[in-house]
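Given next are the chains, with one letter for each unit.
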Amino acid sequence: MNGRLIAIGDIHGFNQPLQTLLEAIDPTPEDLIVTLGDYVDRGPDSKGVIDTLIDLGRRTQLVALQGNHEEMMLSVIRGDEPHHAWLRYGGVETLESYDFDGEMDFLPPDHLAFFESLGDYFVHDQFFFTHAAYDPTLEMDQQPTELLRWHSLRAGIPDPHFSGRIAVVGHTAHPDAEILDIGHLICLDTNCYGGGLLTAMEFPSKRVWQSDPQGVLVR
C-alpha cells in the first residue's frame with residue numbers, strides 16, 4: 001500500500017464534522033480509510049453520513065466496520081428485535097433523517113447495500129481495527145461479536161492482543177473528548193454526539209484531525 005492508513009471514530013449522525021475532516025484529509029485513491037462504526041443515531045443527519053461514506057468509497061479505499069448502533073437498526077428493520085431499545089438510543093433521530101413514514105423499508109437500496117457490506121474487524125500491518133473491543137487470546141476470525149461491537153472499555157480494558165498488533169477502536173466515548181492511547185490500544189471515540197469532537201488518526205504517524213460538532217476544524 002502506497003497511500004495513508006487513516007481511521008475515523010464514531011460519527012453518530014454528524015455529517016458536517018465528517019465532511020470537514022474529509023476535506024482536511026483530502027483522500028486519494030491510494031489511501032485506505034477505516035471507519036470504526038456507529039454512523040447512525042443521536043446526531044442530526046444519519047442519512048447524510050451514509051451518503052458521504054458511499055461517496056467516499058468511490059474516491060478512496062474504504063473499510064467500514066459495523067458498530068452496535070448499526071446492529072440495533074438492522075435488527076429492527078429485519079424484524080429480529082423490537083424497536084424500543086433502538087429508539088431509546090438514538091433511532092428516532094435516524095428515522096427523522098430518512099423522513100420515516102411508518103414503513104420499515106425506509107433505507108434507499110444503496111444505503112441498505114452499504115449496511116450489509118459492513119465488516120466486524122480489519123487487520124493491516126501492525127494494527128487491527130474493531131468497533132468496541134476484542135479478546136486478547138483469540139484470533140480475529142474467532143472473536144465474539146459481543147466483544148467486537150458492545151464491550152465498553154469502562155468495564156475493563158483488554159490486555160494486549162497476543163499477535164502484538166495495536167488495537168484501534170471506538171464505542172467508548174471519552175467524556176473530555178480526548179483520545180485514549182495506552183500503547184497497545186487506541187480509542188478514537190471522542191464524544192462528538194455529546195458535544196466533544198470527531199477524530200481521525202493516521203497510522204503509524206498518529207497524525208490527528210479533529211472537528212467540533214458544528215463542523216469547525218480544531219486540529
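Caption draft 1: Spatial organisation of unusual backbone geometry. A cis amide bond, omega 5°, links Phe203 with the succeeding residue Pro204. Topologically, Pro204 is positioned in the loop between strand E9 (198-203) and strand E10 (208-211). Not every positive phi belongs to a glycine, and His12 is a case in point at roughly 50°. Mapped onto the elements, His12 comes out in the loop between strand E1 (5-8) and helix H1 (15-25). Residue class for His12 comes out buried when judged on its relative accessible area of 2%. Backbone geometry places His171, a non-glycine residue, at a positive phi of 75°.

Caption draft 2: Spatial organisation of the pairing of strand E6 (residues 166-169). Bridging between strand E5 (residues 127-130) and E6 involves three bridges; their strand directions are parallel. Bridge assignment links Phe127 to a residue of E6, and that residue is Ile166. In this view, the connection linking E5 to its parallel neighbour E6 by way of helix H6 (residues 145-150) has right-handed handedness.

Caption draft 3: Main features of the layout of surface pockets. As a volume, the largest pocket reaches approximately 230 Å³. Lining the largest pocket we find 16 residues, and of these Arg42, Asn68, His69, His171 and Tyr193 sit closest to its centre. The element contributing the most residues to the lining of the largest pocket is helix H3 (residues 68-77), with three residues.

Caption draft 4: Representation of the packing of aromatic side chains within the structure. Across all of its chains, the model carries eight aromatic pairs by this definition. A centroid spacing of 5.8 Å and a plane angle of 85° characterise the contact between Phe100 and Phe106, whose relative ring orientation is edge-to-face. Its relative accessible area of 33% is what places Phe100 among the partly exposed residues. Considering the side-chain rings of Phe114 and Phe115, the 5.7 Å spacing of their centres and the 70° angle between planes classify their relative orientation as edge-to-face. Residue classification places Phe114 among the buried positions, given a relative accessible area of 9%. A relative accessible area of 1% places Phe115 in the buried class. Following the ring pairs from residue to residue traces out a cluster consisting of Phe122, Phe127, Phe129 and Phe203. Geometry around Tyr193 places Arg42 over its ring, the cationic atom sitting 4.3 Å from the centre.

The rules behind these values
- Residues numbered from 1 in each chain as written.
- Predicted model: local features only at pLDDT ≥ 70, side-chain atom pairs only at ≥ 80, totals over all residues.
- Heavy atoms only, no water.
- Helix = DSSP H or I, 4+ residues; strand = E, 2+ residues; numbered from the N terminus.
- Buried < 20%, exposed > 50% of the residue type's maximum accessible area, 1.4 Å probe, protein only.
- Pairing = 2+ DSSP bridges.
- Right-handed = clockwise from strand over helix to strand, strands pointing away.
- 1 Å grid on protein atoms, 1.4 Å probe; cavity = no way out; pocket = protein on both sides within 12 Å on 5 of 7 lines; lining within 4 Å.
- Points joined across faces, edges and corners; volume = space filled by probe spheres on them.
- Phe/Tyr/Trp six-rings, centres within 6.5 Å; stacked < 30°, edge-to-face > 60°.
- Lys NZ or Arg CZ within 6 Å of the ring centre and 35° of its normal.

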